[in-house]
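Fold and contact review
These are the residues of each chain, in order.
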Amino acid sequence: MPNESATPDLVEIVTGLFEAADRGDWDAVVEPYAPDVIWESEDGMMSADGANAVKALWEEWADTFEDFRIEVESVVDLGVELSTRSTVSRAAWPEAAAF
């Protein structure tokens, strides 16, 4: 029996979450979260309490684009945390969007 780690491969998991987001599979994106998760964006402008609220937030945000795509450029395991770099691309604001 090969020596397999019981620890999940976090790079693989996070990469899979980006891939799920790209295809709009929001159930898969929030699947690893606890039902009572508290999610906040780094800039503090968006927050959600609970996995269902996180899913709704991401769905609403992605729906603001005519052609939402998110591409993971890199996920690096730094030992105590992961560093990610991603790009929202091939996305266009709807013609009617006004700011």
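Residues numbered from 1 in each chain as written. Predicted model: local features only at pLDDT ≥ 70, side-chain atom pairs only at ≥ 80, totals over all residues. Heavy atoms only, no water.

1. Some points on the packing of aromatic side chains
The tally for this structure, following the rule as stated, stands at seven aromatic pairs. A centroid spacing of 6.2 Å and a plane angle of 45° characterise the contact between W26 and F68, whose relative ring orientation is tilted. Of the two residues, W26 is situated in helix 2 (residues 26–30) and F68 in the loop between helix 3 (51–62) and strand 3 (70–77); the sequence distance between them amounts to 42 residues. Taken together, a centroid distance of 5.5 Å and an interplanar angle of 90° make the contact between W39 and W58 edge-to-face. With a gap of 19 residues between them, W39 in strand 1 (residues 38–40) and W58 in helix 3 connect regions that are remote in the sequence. Here W39 and W58 have matching classes, each one buried. A connected cluster of aromatic rings, assembled from ring pairs, spans W26, Y33, W39, W58, W61, F65 and F68. (Phe/Tyr/Trp six-rings, centres within 6.5 Å; stacked < 30°, edge-to-face > 60°. Helix = DSSP H or I, 4+ residues; strand = E, 2+ residues; numbered from the N terminus. Buried < 20%, exposed > 50% of the residue type's maximum accessible area, 1.4 Å probe, protein only.)

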